[in-house]
Amino acid sequence: EAGVAQSPRYKIIEKRQSVAFWCNPISGHATLYWYQQILGQGPKLLIQFQNNGVVDDSQLPKDRFSAERLKGVDSTLKIQPAKLEDSAVYLCASSLTQSGANVLTFGAGSRLTVL
Amino acid sequence: GQNIDQPTEMTATEGAIVQINCTYQTSGFNGLFWYQQHAGEAPTFLSYNVLDGLEEKGRFSSFLSRSKGYSYLLLKELQMKDSASYLCAVKRDDKIIFGKGTRLHILP
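Residues numbered from 1 in each chain as written. Chains lettered and ligands numbered in written order. Predicted model: local features only at pLDDT ≥ 70, side-chain atom pairs only at ≥ 80, totals over all residues. Heavy atoms only, no water.

Colleague: Help me understand the overall build of chain A, please; the structure alone is not making it clear to me.
Modeller: Counting its secondary structure elements, chain A contains zero helices and eleven strands. Its helices and strands taken in sequence order, chain A reads β-β-β-β-β-β-β-β-β-β-β from the N to the C terminus. Here the C-alpha radius of gyration of chain A, 13 Å, is about what a compact globule of 115 residues would show, namely 13 Å. Viewed in the frame of its principal axes, chain A has a C-alpha envelope of about 40 × 25 × 25 Å. For chain A, the residues scored as buried account for 45% of the 115 residues in total. Looking at chain A alone, contacts between residues at least 24 apart form 54% of all its contacts between residues at least 6 apart. Accessible surface for chain A amounts to roughly 5,600 Å². Of this, 51% is attributable to carbon and sulfur atoms. The distance from the centre of the 12 positive side-chain charges to the centre of the 9 negative ones in chain A is 4 Å. (Helix = DSSP H or I, 4+ residues; strand = E, 2+ residues; numbered from the N terminus. Rg over C-alpha atoms; globule rule 2.2 N^0.38 Å. Buried < 20%, exposed > 50% of the residue type's maximum accessible area, 1.4 Å probe, protein only. Contact = heavy atoms within 4.5 Å. Areas by Shrake-Rupley, 256 points an atom, 1.4 Å probe, with all protein chains shown as cover. Lys, Arg positive; Asp, Glu negative; His and termini not counted. Charge placed at Lys NZ, Arg CZ, Asp CG, Glu CD.)

So, in structure tokens, the structure goes:
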């Protein structure tokens, strides 16, 4: 099966600019996750979707970050305006469901550098 | 990462055995994952435990004690390609929360 697709792989922007990341999960996977991974740390959950509904966004900085999953398939994560501390890899993952042994399959990630 | 603790770094020798420990808060717990992450790559799934005991999968085994809030990942017959970060992740209320990871260095 095709994996989780993410784009762009790399993005460099200046602070206060905006950026958007796109994710296409594995076909048929109902649950989609966006994680932020700062260098040397574990992934931090930003937002979790079940189909096109938000399950959890408690750690999403809503003053600058937004995410949507229209039609319950692809998702976009936007940052506006970006800050220096947003420099990180943004990982998208998907799983068949969110219950039971829901193994996450990750995309290759989008590496953001904010100057 | 929300009270999931694992050592920051470990070093072991090729061919040896290493055990990576993970402790976590037990409230809301309903499963524990181990993922491997090579530098510059995405995490990949290694194991899942929800019941107490040992799960063996080739050179890798994972153990869980729910009452103690404790898990370990055991890697046998270490190979150079096992140099990576190992992430402990706890499932709570349908959310999967990762620890900070343990960076494992393998010496020849």
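Colleague: What is the right way to read the interface of chain B and chain A from this model?
Modeller: Across the contact, 18 residues belong to chain B and 24 residues belong to chain A. Between chain B and chain A, roughly 1,600 Å² of surface is buried when both sides are summed, and carbon and sulfur atoms account for 55% of that area. Three residues stand out in chain B for area buried against chain A, namely D94, I96 and F98 of chain B, and they jointly supply 28% of the buried area on that side. Seen at the junction of chain B and chain A, the total is one salt bridge. A salt bridge links K95 of chain B to D56 of chain A; the nearest nitrogen and oxygen atoms lie 3.3 Å apart. (Buried area = accessible area lost by both parts, 1.4 Å probe. Salt bridge = Lys/Arg side-chain N within 4 Å of Asp/Glu carboxyl O.)

Colleague: I would appreciate a short explanation of the state of the cysteines in the present structure.
Modeller: In a disulfide, the sulfur atoms of two cysteines are held together by a covalent bond. All names here are of chain B. Under the definition given, this model contains two disulfides over all chains. The residue that forms a disulfide with C22 is C88, at a sulfur-sulfur distance of 2.0 Å. Its torsion about the S-S bond being -70 degrees, the disulfide of C22 and C88 is classed as left-handed. In this pair, C22 sits in strand 3 (residues 18-24) while C88 sits in strand 9 (residues 84-92), placing the two residues 66 residues apart along the sequence. Classification of C88 as buried rests on a relative accessible area of 0%. (Disulfide = S-S within 2.5 Å.)

Colleague: Can you walk me through the sheet that holds strand 3 of chain B in this structure?
Modeller: In any sheet, the strands associate via hydrogen bonds between backbone groups, in a parallel or an antiparallel arrangement. Residues and elements named next belong to chain B. An order of 1-3-8-7-6 is seen for the five strands of this open sheet, with the pairing classed as antiparallel. In the strand order of this sheet, the two ends are held by strand 1 (4-5) and strand 6 (53-57), each with one partner. Relative to strand 8 (residues 70-75), strand 3 runs antiparallel, the two being bridged by six bridges. Looking across to strand 8, one finds that N21 is bridged to Y72. (Pairing = 2+ DSSP bridges.)

Colleague: How do you make sense of the pattern of salt bridges when you look at a structure like this?
Modeller: When the charged atoms of two side chains with opposite charge come close together, those side chains can pair. With the rule as written, the count across this model stands at six salt bridges over all chains. Linking R64 of chain A and D86 of chain A is a salt bridge whose minimum nitrogen-to-oxygen distance equals 2.5 Å. Linking R64 of chain A in the loop between strand 6 (53-56) and strand 7 (65-68) with D86 of chain A in the loop between strand 8 (75-79) and strand 9 (88-95), this pair joins segments that are 22 residues apart in sequence. A salt bridge links D82 of chain B to R59 of chain B; the shortest N-O distance between them is 2.8 Å.

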